[in-house]
Amino acid sequence: MDTQQQQQQQSFIQGAKVLMVGAGGIGCELLKTLALSGFQDIHIIDMDTIEVSNLNRQFLFRRSHVGQSKAKVARDAVLRFRPHINIRSYHANVKNPEFDVDFFKQFDVVLNGLDNLDARRHVNRLCLAADVPLVESGTTGFLGQVTVHVKGKTECYECQTKPAPKTYPVCTITSTPTKFVHCIVWAKDLLFAKLFGDKNQDNDLNVRANNAASSSKETEDVFERAEDEDIDQYGRKIYDHVFGYNIEAALSNEETWKNRTRPRPIYSKEVLPESLSQQNGTTQNCSATDDDSTVSAMPLLGLKNPQELWGLTQNSLVFIEALKLFFAKRKKVCVEIGHLTFDKDDQLAVEFVTAAANIRAESFGIPLHSLFEAKGIAGNIVHAVATTNAIVAGLIVIEAIKVLKKDADKYRMTYCLEHPSRKMLLMPVEPFEPNPACYVCSKTPLVLEINTQKSKLRDLVDKIVTAKLGMNLPLIMHGASLLYEVGDDLDDIMVANYNANLEKSLSELPSPVINGSILTVEDLQQELSCKINVKHREEFDEEKEPEGMVLSGWTQSPATNGESASTSNNENEKAVDVTESSSGPEMASKKRRLSETQPENDKKETENVESDDDEIMEIENPVMVSKKKKRVE
């Protein structure tokens, strides 16, 4: 690059107005790199506050900053060595109403370092509506990626399938677990939620064996603690119920265990001393702290190493002590019991879930895991690598400069690899053109199979419009009839009408939604609109289609050249699109098996994991990514 080109590039950089979303692991590195690269006007949005666990890699923060706004502290830290540039911080959620399309229009480029798919989709839609380029990024351990999204030129963030969180059949979790992760899900989503969340929720933990005469409590009251009930007795009652009586109830179904190993009921009297308080002291001796997330049962039991494998007795002791601490510490500080959800950064919650999962695993003959391992499974954690964050931040800035120069031919999606592939640790790939089947940027209609006579409008709103389409302020129309709307400007009569509609089946709405109906769904904040073609369907498979409805057209491209879009039943053979170049007209995209086109040591399933650094990343196989879709001309 000659001197004139350097001066021209620097003018682009200095005149740019940049929006950063996220000030965590990637965000800290990115803000530093932007400032040192000459950017003069930077805005940062982040709703999080600094935690102790951030300090080993989010280098702009210090222990004295714990509890403060990430965006504000990051701004102040960078201004100390670049005092003459403009950095504005917003301690807020990017989905707040003030960050609308007009807000995004003031920026030349948006740079993402977010920690969840929902916020990423929201920013993607605002960038499309504002016609502002987006540079997306993510890291997980040694893996990372940076992608460029420019309206009309490259695919948007939602053009391709984003891996859904792994789910497990309820019957497997509650009755026939075979893996430790099944026990973790049971302990976290069923037991923890039942004890410390909403006790009125229905789940299979209320099942009771017929011979459970040793308890005088009725089934519906077993998780309720009486005001005068001794905490040790309450803990043992819960222990016996979920690890003893419920296992006996499961064993009563002989058909279930014909071809399975029978689990072993475990009761507290078999593994716990008669008086826990005599052995361990009481929870009153626990060191006081203002930070509830650091309260721990381990010191009371002499346990120090989180990587140590606990036996059944130790897990049982941790289970009881953690439960006691929840009631002794949490209930006194604030009314949390009844409103808690599992948090991987809550030490006591992790200890309780680990112990409960291990006791259940012992019952079903599943290998036990350490606290360290269980926390990783419960929180889907891959521990962060600061170097990966730094590399990805540098790649973001490189692509941002290309975007500012409108140098579209040089845009690249770059993948950071853990092991060399073709002698490369960084794999650059040309960006892809917009997916014509994308309902976000290409306006392709979606198809919804649903029982229009049984499913309510609320089901459609909750399971499809909000959960799958990611709309925050939805508006649903059938022809000229407005069925549902969300907004602050609605009068009481409108709100009452819409609430009444929510409880009606689709076919009973003022404008009945039946087979062949076409719904228009909009989000006014995101300025997104899409069509949904409704197909009535009577029955759904409860295991494979638990939601009772199926939305298609929002995750996959249509087959081309008359070929089927179906994939092999072999899980290791995923169908991918492959573009073959020729000197003549562009050839049609073809399907090939992943196993036919990919070296054995390069095979890697798409991952969706949350790193310890709170960046969520959709890792695709970088070797195959370069082959699977049409490139931008």
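In this text the structure is predicted, and so the values were computed from the model without any measurement. (Residues numbered from 1 in each chain as written. Predicted model: local features only at pLDDT ≥ 70, side-chain atom pairs only at ≥ 80, totals over all residues. Heavy atoms only, no water.)

Remarks on the side chain of His-369
In step 1: Mapped onto the fold, His-369 is located in the loop between helix H12 (347-363) and helix H13 (371-378).
In step 2: At 3.2 Å, the side chain of His-369 and the backbone oxygen of Pro-367 are in polar contact.
In step 3: Beyond its immediate chain neighbours, meaning those up to four positions away, His-369 contacts Phe-180, Leu-309, Thr-354, Asn-358 and Ile-377. (Helix = DSSP H or I, 4+ residues; strand = E, 2+ residues; numbered from the N terminus. Polar contact = N/O pair within 3.5 Å; in protein donor to acceptor, adjacent residues only side chain to side chain. Contact = heavy atoms within 4.5 Å.)

Overview of the sheet that holds strand E11 (residues 474-478)
In step 1: Strand order in this open sheet of six strands is E12-E11-E13-E14-E10-E15, and the pairing throughout is mixed. Of all strands in the sheet, those with a lone pairing partner are strand E12 (481-485) and strand E15 (549-552), marking the two edges. Averaged over all pairs of adjacent strands, the angle between strand axes in this sheet comes to 25°, irrespective of strand direction.
In step 2: Of the pairings in the sheet, the one linking strand E10 (residues 446-450) to E15 comprises four bridges and is antiparallel in character. Looking at E15, one finds that Leu-448 is bridged to Leu-551. (Pairing = 2+ DSSP bridges. Axes fitted to C-alpha atoms, helices over the stretch in contact; angles between N-to-C directions.)

Points about the packing of helix H2 (residues 25-37) against helix H14 (residues 386-404)
In step 1: Orientation of H2 relative to H14, taken along the N-to-C sense of each, is 45°, at an axis distance of 8 Å. Comparing the axis directions of H2 and H14 gives the class oblique. Two packed elements cross with a definite hand, and for H2 against H14 that hand is right-handed. Together, Gly-25, Ile-26, Glu-29, Leu-30, Thr-33, Leu-34 and Ser-37 of H2 and Ala-386, Asn-389, Ala-390, Val-392, Ala-393, Gly-394, Ile-396 and Val-397 of H14 make up the contact between the two elements.
In step 2: Residue composition of the contact of H2 with H14, by class: nine nonpolar, five polar and one charged. (Parallel < 35°, antiparallel > 145°, perpendicular 65-115°, else oblique. Left-handed = near helix turned anticlockwise from the far one by under 90°. Nonpolar A, V, L, I, M, F, W, Y, C, P; charged D, E, K, R; others polar.)

What to know about the UniProt feature "active site" (unreviewed entry) in the protein
In step 1: Mapped onto this structure's residue numbering, the UniProt feature "active site" (unreviewed entry) falls at Cys-171.
In step 2: Structurally, Cys-171 can be placed in helix H6 (residues 170-174).
In step 3: Taking the relative accessible area as the measure of exposure, Cys-171 reaches 40% and is therefore partly exposed.
In step 4: Contacts of Cys-171, omitting those with residues within four sequence positions, involve Thr-176 and Glu-543. (UniProt positions renumbered as here; feature names shortened; annotations may be inferred. Buried < 20%, exposed > 50% of the residue type's maximum accessible area, 1.4 Å probe, protein only.)

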